[in-house]
Amino acid sequence: MSAIAPIRHGGNLLAAVRQYGRPVAEWLDLSTGINPHGYPVPPLPAEVWQRLPQDDDDLAGIAARAYGAPHALPVAGSQAAIRTLPRLLRPGRVGVAALGYSEYAPAFAQAGHAVVPLAEADFARADLADDLDHLVVVNPNNPTARRLPAQTLRHWHRQLAARAGTLIVDEAFMDAVAAPSLAADTAAPGLVVLRSLGKFYGLAGVRCGFVLAAPALLAALAAQLGHWTVSGPARAVARLALADAGWQQATRTRLTVDGERLGILLRNHGLSPVSQPLFSWVPDPRAAALHEALARQGVWTRRFDAAGGCPASLRLGLPPDDDASWRRLDRALAEALPSLAP
């Protein structure tokens, strides 16, 4: 088994502040794929701060209906599920993208599984699941923006479930894209879908996500996590956001336009991004130097080392919804790129 890559995340703006000596207010932070114009949270009743979280407030039902799933379990962000689910699955060989969300591999390794790093090219293989016990697919992938069709995922699920394996599909970015979800299939054993309020809704700080799976697995996961895993204020906000179909539709349209705008801007500077509504991924051998050059201008991006058959790369999230931020990114790229070695 290859060494497990270290866990790294975007959103680490304070690290940039310490490294470059630039105050927080002077940064354009593009290091996450979080919607910069997120759900408008109204003032909350005092009781949601004063009472213990009400686990029987129908948040699970609201989430199941919103995602088109038979069942849902609210959790403290996808992270709670990622760290706990591996302990509930039969130890075996688990396939995880070598270039992807970095929490999965260590969580499975710590639970006694053998982690099999997968190259991007592996996800084009119909036989990918043949020698695996479990498979993790982030769809769309973070950061490569790779999307897999539902029929491919269902094929892998059938193969894995036939030998008591599990397909975990992380749909953290699914709300923003026009792609079919596997949420409706999750009553079947061996299939888990994760959803989150962090990216599309721009509510990463509330730490609220949902596990969509068969009732037996949800019950086992709930027993491991215990009561009150999602705070009362987070539950109140989640109920509002998941029921607001008008905001969701308007936001999908807006993010599609902004994602295309970011892709065009990057291409205008000679880069070759792979774009989706919430971020653009830029594979480029000059990624480390470009990350540094942009940081010196107060633009913070997420840098990835070469992995999974892909070169070094950057991920850029959407600038805030004001022309000044877009112009600042445009100027920073115009100044940074000519100074880089080809």
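Caption draft 1: Spatial organisation of the packing of helix H9 (residues 245–268) against helix H11 (residues 323–336). Running from N to C, H9 and H11 cross one another at 25°; their axes reach a closest spacing of 11 Å. Regarding the angle of H9 to H11, the classification is roughly parallel. Seen from above, H9 lies across H11 with right-handed handedness. The segment H9 lies against H11, with Asp258, Arg261, Leu262, Leu265 and Leu266 engaging Asp323, Trp326, Leu329, Asp330 and Leu333.

Caption draft 2: Structural view of the sheet that holds strand S9 (residues 274–276). The sheet built from four strands is open, its strands ordered S9-S10-S13-S12 with antiparallel pairing. Two strands close off the open sheet at either side, each with one partner strand: S9 and strand S12 (302–304). Across the sheet, the axes of successive neighbouring strands diverge by a mean angle of 15°, strand direction being ignored. Pairing of S9 with strand S10 (residues 279–283) involves three bridges; the strand directions are antiparallel. Across the sheet, Gln276 pairs through a bridge with Phe279, a residue of S10. Along the sheet, helix H10 (residues 287–295) makes contact with S12 and strand S13 (313–317), crossing S13 at roughly 40°.

Caption draft 3: Quick peek at the packing of helix H3 (residues 59–67) against helix H8 (residues 232–243). With their axes 10 Å apart at the nearest point, H3 and H8 run at an angle of 30° to one another. Between H3 and H8, the crossing angle belongs to the class labelled roughly parallel. Where H3 crosses over H8, the two elements pack in a sense that is left-handed. Taken together, the residues of H8 that come into contact with H3 (itself represented by Leu59, Ile62, Ala63, Ala66 and Tyr67) are Arg235, Ala238, Arg239 and Leu242. Looking at the contact of H3 with H8 residue by residue, the classes come out as seven nonpolar, no polar and two charged.

Caption draft 4: Summary view of H9. Taking 1.5 Å per residue as the helical rise, H9 with its 24 residues ought to reach 34 Å, and the 35 Å between its terminal C-alpha atoms agrees with that figure. Among all positions of H9, only Trp247, Gln248, Thr251, Leu255, Asp258, Gly259, Leu262, Gly263, Leu265 and Leu266 are buried. Lining the buried residues of H9 we find H8, S9, S10, S13 and H11. Positive backbone phi, approximately 85°, marks Gly270, located one or two places after H9.

Caption draft 5: Spatial organisation of the environment of His113. Within the secondary structure layout, His113 lies in the loop between helix H5 (104–110) and strand S4 (114–118). It is 40 Å that separates the C-alpha atoms of His113 and Val24, two residues lying 89 residues apart in sequence. With sequence-adjacent residues up to four places away left out, His113 is seen in contact with Pro86, Leu89, Arg90, Pro91, Gly92, Val94, Phe108 and His134. Separated by 2.8 Å, the side chain of His113 and the backbone oxygen of Pro86 make a polar contact. Side-chain polar atoms of His113 contact the backbone nitrogen of Gly92, separated by 3.3 Å.

Caption draft 6: Molecular detail of the packing of aromatic side chains. Inspection of every chain in the model, using the stated rule, returns 10 aromatic pairs. Aromatic side chains Tyr20 and Trp300 sit 6.2 Å apart centroid to centroid with 70° between the ring planes, which places their arrangement in the edge-to-face category. Of the two residues, Tyr20 sits in helix H1 (residues 13–20) while Trp300 sits in strand S11 (residues 299–300), which places them 280 residues apart along the sequence. For the pair Tyr20 and Trp300, one class covers both residues: buried.

Caption draft 7: Structural context of the pattern of salt bridges. Overall, the coordinates contain 17 salt bridges when judged by the stated rule. Between Arg154 and Asp185 there is a salt bridge, with its nearest N and O atoms 2.6 Å apart. Within this pair, whereas Arg154 is found in helix H6 (residues 150–161), its partner Asp185 is found in the loop between strand S6 (166–170) and strand S7 (191–196), the two being separated by 31 residues in sequence. For Arg154, a relative accessible area of 33% corresponds to the partly exposed category. Looking at Asp185, the relative accessible area reads 27%, which means it is partly exposed. In this structure, the salt-bridge partner of Arg296 is Glu292, at a minimum N-O distance of 2.6 Å. Residue classification places Arg296 among the exposed residues on the basis of a relative accessible area of 56%. We classify Glu292 as partly exposed; its relative accessible area is 25%.

Scoring rules and cut-offs
Residues numbered from 1 in each chain as written. Predicted model: local features only at pLDDT ≥ 70, side-chain atom pairs only at ≥ 80, totals over all residues. Heavy atoms only, no water. Axes fitted to C-alpha atoms, helices over the stretch in contact; angles between N-to-C directions. Helix = DSSP H or I, 4+ residues; strand = E, 2+ residues; numbered from the N terminus. Parallel < 35°, antiparallel > 145°, perpendicular 65-115°, else oblique. Left-handed = near helix turned anticlockwise from the far one by under 90°. Contact = heavy atoms within 4.5 Å. Pairing = 2+ DSSP bridges. Nonpolar A, V, L, I, M, F, W, Y, C, P; charged D, E, K, R; others polar. Expected span 1.5 Å × (residues − 1). Buried < 20%, exposed > 50% of the residue type's maximum accessible area, 1.4 Å probe, protein only. Polar contact = N/O pair within 3.5 Å; in protein donor to acceptor, adjacent residues only side chain to side chain. Phe/Tyr/Trp six-rings, centres within 6.5 Å; stacked < 30°, edge-to-face > 60°. Salt bridge = Lys/Arg side-chain N within 4 Å of Asp/Glu carboxyl O.

Fair warning: the whole summary comes from geometry, so function is off the table for now.
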